[in-house]
Amino acid sequence: MEFKKILFPTKFRELAFNSLESILELKKAGLKEVVLTYIIPRDEVAFVPFGGYMKDEEERLREQARIRFENWQEAITAEGIESKVRIEVGNPVPKLLRVAEEEKVDLIIAGRKKRTVLGKVYVGSHTLELVRRSTIPVLVSKYMVRFEWEGDLITRVNDHIFTAPLLATDWSEPSEKALKLVSSFKGLADKVMVTHIIGVKISKGLDKSELNRIEKESKERLEKYCDRLKKDGINAEPHLFSGRSAHEIVRVAREHKASMIVMGTTGKDRFKEFWLGSVSHRVTEASELPVLLVP
Amino acid sequence: MRLGKWLAIIFLLSIFAFLVPAMATDQEVAATHDTEHGSTHGAEHAVAETGHEDVHAGSESHGHGDAGHGGHGGHINLGEVLKLWTCIPFACMLLSIALFPLLAPKFWHHHFGKVSAFWAACLGIPFLIAFKGVAVHEILHIILADYVPFIILLWALYTISGGILLKGTLRGTPIVNTIIILIGTVLASWMGTTGAAMLLIRPFLKANNYRKNRTFMVVFFIFLVANVGGSLTPLGDPPLFLGFLHGVDFFWTMKIMPHMLVTAGILLTIYFFLDTYHYKKEGLTSAPVEEGEKEPLKLVGTHNFIFLGGVVGAVLTSGIVDWGEVNTLGIHRAVQDWARDGFLILMGMLSLWTTSKRLREDNDFSWFPIVEVAYLFIGIFITMVPCLLILKAGLKGEMAFLIAAVKEPMHYFWVTGALSGFLDNAPTYLTFFNTALGAFYPGMPEAQAVPLLMTESSIFLKAISAGAVFFGAFSYIGNAPNFMVRSIAEEGGTPMPSFFGYILKYSLVFLFPTFVVVTLIFF
């Protein structure tokens, strides 16, 4: 499993180009083509009350995007990677998903490139919707973030994001897929931290012997994951913790200086997510690190 | 001078303009009371809740089960004292809708809500200062009795029809196109012109994407599906629903069937020949080669027809049953009207819950158009309050000249129509509906006057209804679905004529003669 073709949607916000540059590192992992995409929100140009459609405005936005992309394409070509431009009109998230399907991409890049105001979450509603609905892996990139740690306000630039990924696994099928994806990071990753959290829901009410059994079993599984990565030529180390899953993943990633978090996601719909919650989506919101979600 | 300063000046002028005559009205009222009751009461002592105002609103609009309190002898009727210029904010609101999309579309697209709020404030604030309780009552009345049900119905029809998707491969031959337009024309009366237009416009465009000249097709689609087709029931077109809210029977509107059949018949026949001509001219006498696999026609989300049935049933029931009244913020509304509104919301919610998001996305469903209509129409409804009151006052109001001039059914048809073509047809309908009430039954409560208008003066109501609905097609701004269809067509790459191009090349050429024929036959 490789990232040969990626979709890079943008709204041309500040630092978007820097974010793109950081992604081009994937060339070492087999990246061949980048599809640069700009979705003109339909509501920006269509349904002018009692008017109609602002064709001129659409043309202006298209032209503006095309010129910007031309510049970006030069940088991509300089890296020896092919590129393509898609400028479409529509509802952003469904349109992006449709373009991703049509282009048969292996990865979608999403998320804010910069967050300057201190906030509790690092992703917007569009990104969350994309993450929830995509059947293709999504990398929530978060190029520049500001967060509070031990009373200090820290600005972090996530540029070399593939050097020390933390693979958080719950042994599910998407986690298996995530492991296979991380295997393609050879040449990019110095080491992979394979992490499992024994969740509160699981450990609650269990006697010590049962807990020991789960711990032993988890360690064995972690070792197996690490062995598989090592076999592919990637240095890997196991980490086992217990507690509230999302909270622990964010903490461990921060403390072990991970460069990104990789997780499987079961893709709960809005209703299920509201009632059951989703660890991967909570990590995506709460972590200052880029998060790669593998459905 | 900056725009903000101009707006502030307009706003202050409107307050000033209202306050001076209001003081005069106070004196007039005081004199009336001195004479009749030996006591002095100003307009500000009006008690809106009871309807026993010193300055009252005249024949209040009360439709199905809504109690009327018109005609208190010896009291000043607000419609008789209001000056003609109090209609200026209404005129400005409608002119904004007509001119901004032409002159400053980008500004309008982003600030239409503020423009609507501005004109509503220009009328509403001074009106409230000048006439206090009565003004509160009038504004609340038009919001609760007209605006709220109006928007709820539009929202429900828009939401439900947005959950139905026509999939599959169609080839736009003259026969197929004529059948699509015919189906849309029939559906429009039952799912609203907006609903029918939104359901069929994308398949219609897709079916004809291989055709060179598609512009005339979309224009005739606007004529028939987005306008003429909606003339048979109150669900079809917003003006007719406003009539229903004011007491016109659900099935009375069927009386416009002959007018509709003649209009639709003429336009469809012209369309067929026009399409055949272009089809042959484009050298498309044989079916074009299919690209890719042919997808069979399929209607998805058909369970939404159940909800449409629910909407029809709810509106129909609210016009038949009488469950008493309920006082909401001093406004008397029939229980069945509230129940209907609640049921329509339920139908819309059920449609949202039971229809897949993907289907709506395939339909390119967006809330934006309905939000626009909601923002604009709150401005329209508030600013039109004085206009309606003056018209209801009949020959005693400042629009006596209009009432005196508009006498014959053909006058009502053409004047309602001409204004509907260039202003939105819903407020225009209500204006001339009230003109007719003022002309034939001045001072009579609406609950009594409307049944008479439906029976002994029915030709006038037919003329107003047909004029409002048919002429809605005359320009892009005549009816809300027109601009939605135009927007979708242009987005899909079908060139559409300009505002004036539409009128000169199509409306004057095809609609005008058709309406002359309708006039000669029926009015």
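Residues numbered from 1 in each chain as written. Chains lettered and ligands numbered in written order. Predicted model: local features only at pLDDT ≥ 70, side-chain atom pairs only at ≥ 80, totals over all residues. Heavy atoms only, no water.

Another aspect to go through is the overall build of chain A. The helix and strand tally for chain A stands at 11 helices and 12 strands. Scaling as 2.2 N^0.38, a compact globule of 295 residues should have a C-alpha radius of gyration of about 19 Å, and chain A matches this with 20 Å. In terms of overall dimensions, chain A has C-alpha extents of about 70 × 45 × 40 Å along its principal axes. Among the 295 residues that make up chain A, the fraction classed as buried is 53%. Here the contacts in chain A between residues at least 6 apart in sequence split such that 77% fall between residues at least 24 apart. Accessible area for chain A stands at about 13800 Å²; split by element, carbon and sulfur atoms hold 49% of it. Side-chain charges of chain A comprise 51 positive and 45 negative groups, with the mean position of each set lying 3 Å from the other. (Helix = DSSP H or I, 4+ residues; strand = E, 2+ residues; numbered from the N terminus. Rg over C-alpha atoms; globule rule 2.2 N^0.38 Å. Buried < 20%, exposed > 50% of the residue type's maximum accessible area, 1.4 Å probe, protein only. Contact = heavy atoms within 4.5 Å. Areas by Shrake-Rupley, 256 points an atom, 1.4 Å probe, with all protein chains shown as cover. Lys, Arg positive; Asp, Glu negative; His and termini not counted. Charge placed at Lys NZ, Arg CZ, Asp CG, Glu CD.)

Looking only at helices and strands, chain B has 20 helices and six strands in total. Per-residue burial for chain B yields a buried fraction of 59% across its 523 residues. For chain B, restricting intrachain contacts to residue pairs at least 6 apart in sequence, the fraction spanning at least 24 positions comes to 78%. Counting every atom, chain B has about 19500 Å² of accessible surface; 70% of that belongs to carbon and sulfur.

Another aspect to go through is the domain arrangement of chain A. Residues and elements named next belong to chain A. Taken as a whole, chain A is organised into domain 1 (1-159) and domain 2 (161-295). Distance between the C-alpha centres of domain 1 and domain 2: 25 Å. Taken together, the contact between domain 1 and domain 2 spans 34 residues of the former and 33 residues of the latter. When the two sides are added together, the surface that domain 1 and domain 2 hide from each other amounts to roughly 2700 Å², 66% of it contributed by carbon and sulfur. Taken together, the connections running from domain 1 to domain 2 amount to zero salt bridges. Summed over the shared surface of domain 1 and domain 2, the result is eight residue pairs in polar contact (both at pLDDT 80 or more). Elements that contribute at least two residues to the side of domain 1 that touches domain 2 include exactly helix H1 (16-23), helix H5 (125-133), strand E5 (138-140) and strand E6 (144-149). Taken together, the residues that form the side of domain 1 that touches domain 2 break down as 19 nonpolar, five polar and 10 charged. (Domains from an automatic or database assignment. Buried area = accessible area lost by both parts, 1.4 Å probe. Salt bridge = Lys/Arg side-chain N within 4 Å of Asp/Glu carboxyl O. Polar contact = N/O pair within 3.5 Å; in protein donor to acceptor, adjacent residues only side chain to side chain. Nonpolar A, V, L, I, M, F, W, Y, C, P; charged D, E, K, R; others polar.)

Next up on the list: the environment of B:Val225. Checked against the element boundaries, B:Val225 lands in the loop between helix H6 (215-224) and helix H7 (238-245). Once the C-alpha coordinates of B:Val225 and B:Phe413 are considered, the two residues, 188 residues apart in sequence, prove to be 20 Å apart.

Moving on: the nonpolar core. With 203 residues, the main nonpolar core has A:Leu26, A:Val34, A:Phe185, A:Leu292, B:Phe127, B:Phe223 and B:Val311 as its most contacted residues. Ranked by the residues each element gives to this core, the list is headed by helix H4 (residues 105-161) of chain B, at 26 residues. Residue-level mapping places this core at the junction of two domains, with at least three residues from each of domain 1 (1-159) and domain 2 (161-295) of chain A. B:Val311 has contacts with B:Leu153, B:Ala156, B:Leu157, B:Ile160, B:Leu235, B:Leu344 and B:Met347, leaving out every residue within four places of it along the chain. Judged by nonpolar contacts, the second largest core, of 33 residues, contains A:Val105, A:Leu130, A:Ala164 and A:Leu289. (Core = buried A, V, L, I, M, F, W, Y, C linked by side-chain atoms within 4.5 Å.)

What follows is about the side chain of B:Thr276. Looking at the element boundaries, B:Thr276 is found in helix H8 (residues 257-281). For B:Thr276, the side chain forms a polar contact with the main-chain oxygen of B:Phe272, separated by 2.6 Å.

On to the pattern of salt bridges. Think of it this way: side chains of opposite charge can pair up when their charged atoms draw near. All names here are of chain A. All chains considered together, the criterion is met by 35 salt bridges over all chains. A salt bridge links Lys55 to Glu58; its shortest N-O distance comes to 3.6 Å. Here Glu58 and Lys55 lie together in helix H3 (residues 55-78), a separation of three residues that amounts to about one turn. Connected through salt bridges with shared partners, the residues Lys5, Glu33, Lys84, Arg86, Glu88, Glu102 and Glu103 form a single ionic network.

Time to look at a nonpolar patch on the surface. All names here are of chain B. Residues Leu95, Leu99, Leu102, Leu103, Phe500, Leu504, Leu508, Val509 and Phe512 make up a contiguous nonpolar surface patch of about 860 Å² in total accessible area. Breaking the nonpolar patch down by element, the ones donating at least two residues are helix H3 (88-103) and helix H20 (499-522). When residues in the nonpolar patch are grouped by element, the largest group, five residues, is from H20. Mapping Phe512 onto the fold places it in helix H20. (Patch = residues over 30% accessible without salt bridge, like charges linked within 9 Å, V, L, I, M, F, W, Y side chains within 5 Å.)

Residues and elements named next belong to chain B. One way to put it is that H4 packs onto helix H9 (residues 304-320) with a least axis distance of 9 Å and a crossing angle of 160°. Between H4 and H9, the angle falls in the class roughly antiparallel. Of the two possible hands of crossing, H4 and H9 adopt the one that is left-handed. Note on element contacts: H9 touches H4 through Asn304, Phe307, Leu308, Val311 and Val315, opposite Leu153, Ala156, Leu157 and Ile160. Here the residues of the contact of H4 with H9 sort into eight nonpolar, one polar and no charged. (Axes fitted to C-alpha atoms, helices over the stretch in contact; angles between N-to-C directions. Parallel < 35°, antiparallel > 145°, perpendicular 65-115°, else oblique. Left-handed = near helix turned anticlockwise from the far one by under 90°.)

When the parts of a complex come together, some accessible area is lost, and that lost area is often used as the size of the interface. Facing the 32 residues of chain B at the interface are 24 residues of chain A. Carbon and sulfur atoms supply 54% of the area buried between chain B and chain A, which totals about 2400 Å² over both sides. Looking at the side of chain B facing chain A, the largest losses of area belong to B:His109, B:Glu361 and B:Glu491, adding up to 23% of the total buried there. Here chain B and chain A share six salt bridges between them. Across the pair B:Glu491 and A:Arg42 runs a salt bridge, and its minimum N-O distance is 2.8 Å. In this assembly, chain B and chain A are joined by 12 residue pairs in polar contact (both at pLDDT 80 or more). Counting residues per element, the ones that place at least two in the side of chain B that touches chain A are H3, H4, helix H11 (357-362), helix H12 (368-383) and helix H19 (480-491) of chain B. At eight residues, H19(B) tops the list of elements feeding residues into the side of chain B that touches chain A. Its residues assigned to classes, the side of chain B that touches chain A shows 16 nonpolar, five polar and 11 charged.

Residues and elements named next belong to chain A. Taken in spatial order, the 10 strands make up an open sheet running E3-E2-E1-E4-E5-E12-E11-E8-E9-E10, and their pairing is mixed. The sheet is open, and its two borders are formed by strand E3 (82-90) and strand E10 (236-243), each paired with just one other strand. Adjacent strand axes in the sheet meet at a mean angle of 20° when their direction is disregarded. The pairing of strand E1 (residues 5-9) with strand E4 (residues 107-110) spans two bridges and is parallel. Following the sheet pairing, Leu7 is matched in E4 by Ile108. In this fold helix H6 (residues 173-183) packs onto strand E8 (165-168), strand E9 (192-199), strand E11 (260-264) and strand E12 (291-294), with an angle of close to 140° to the strand it touches most, E11. Sheet strands in contact with helix H11 (residues 279-286) are E5, E11 and E12, and its direction is about 160° off that of E11. (Pairing = 2+ DSSP bridges.)

Below, the discussion takes up the packing of H7(B) against helix H16 (residues 425-440) of chain B. Residues and elements named next belong to chain B. At their nearest, the axes of H7 and H16 sit 7 Å apart, and the two run at 40° to each other. Comparing the axis directions of H7 and H16 gives the class oblique. Two packed elements cross with a definite hand, and for H7 against H16 that hand is right-handed. Contacts from Pro238, Pro239, Leu240, Leu242 and Gly243 in H7 reach Asn425, Ala426, Tyr429 and Leu430 in H16. Its residues placed into classes, the contact of H7 with H16 shows seven nonpolar, two polar and no charged.

Residues and elements named next belong to chain B. The end-to-end C-alpha separation of helix H15 (residues 409-422) is 20 Å, in line with the 20 Å expected for 14 residues at 1.5 Å each. Within H15, burial applies to Pro409, Tyr412, Phe413, Thr416, Gly417, Ser420 and Gly421. The buried residues of H15 occupy an angular sector of 145° when projected down its axis, which confines them to one face. (Expected span 1.5 Å × (residues − 1). Arc of directions from axis to C-beta.)

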